[in-house]
Amino acid sequence: MNDERHDLPGRDVELDHAADVRWQIRTLIGLIVSGDLDEHLPEIARAVNQRQHERHNARERQVFATFQIGDRVRVNHSIRPSYLHGVTGTVVGFAHKNVRVLLDTPAGRFTDGEVTVPPLGLDSL
């Protein structure tokens, strides 16, 4: 009998790695919950916060790169003030890491209709 699994040599390695990672995570969480790592909690918290910050920045850069002047966008629910939620407009420029948007209708304190929004605060239309 011919075993056809020979054409997927990396599949078993990927499954083993995923299982190993899950085991490591469960072990780490168990050690934290049990108090065995109490003296290291500040270090762990700093590392987790740093990694989350890095991932957020990478995602923000990735999304920022997708916008072009003239794109139609909608302000999403991650933005404050909340009266901007759902407001639509057109990308008119960029300011540092943010996107400048000319709103279809001025809103609230943005009487000139232009807002500067972080890229993760916009959805493309």
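This is a predicted model, so every value here is computed, not measured. (Residues numbered from 1 in each chain as written. Predicted model: local features only at pLDDT ≥ 70, side-chain atom pairs only at ≥ 80, totals over all residues. Heavy atoms only, no water.)

Caption draft 1: Region of the structure containing the pairing of strand β2 (residues 88-95). In the sheet, strand β1 (residues 72-75) pairs with β2 via three bridges, with the strands oriented antiparallel. Note on β2: the bridge partner recorded for Arg 72 is Thr 90. Two elements, β2 and strand β3 (residues 98-103), share six bridges in a ladder whose sense is antiparallel. Note on β3: the bridge partner recorded for Ala 95 is Asn 98. Count of turn residues in the β2/β3 antiparallel hairpin: two residues, of which His 96 carries a positive phi of about 60°. (Pairing = 2+ DSSP bridges. Helix = DSSP H or I, 4+ residues; strand = E, 2+ residues; numbered from the N terminus.)

Caption draft 2: Region of the structure containing the sheet that holds β2. Taken together, five strands build an open sheet; the order of strands is β4-β3-β2-β1-β5 and the sheet is antiparallel. Each of the sheet's edge strands pairs with one partner strand only, and the pair in question is β4 (114-117) and β5 (122-124). Neighbour to neighbour, the strand axes of the sheet diverge by 45° on average, direction disregarded. When β3 meets β4, the two strands line up antiparallel, connected through four bridges. For Val 99, the partnering residue across the bridge sits in β4 and is Val 117. (Axes fitted to C-alpha atoms, helices over the stretch in contact; angles between N-to-C directions.)

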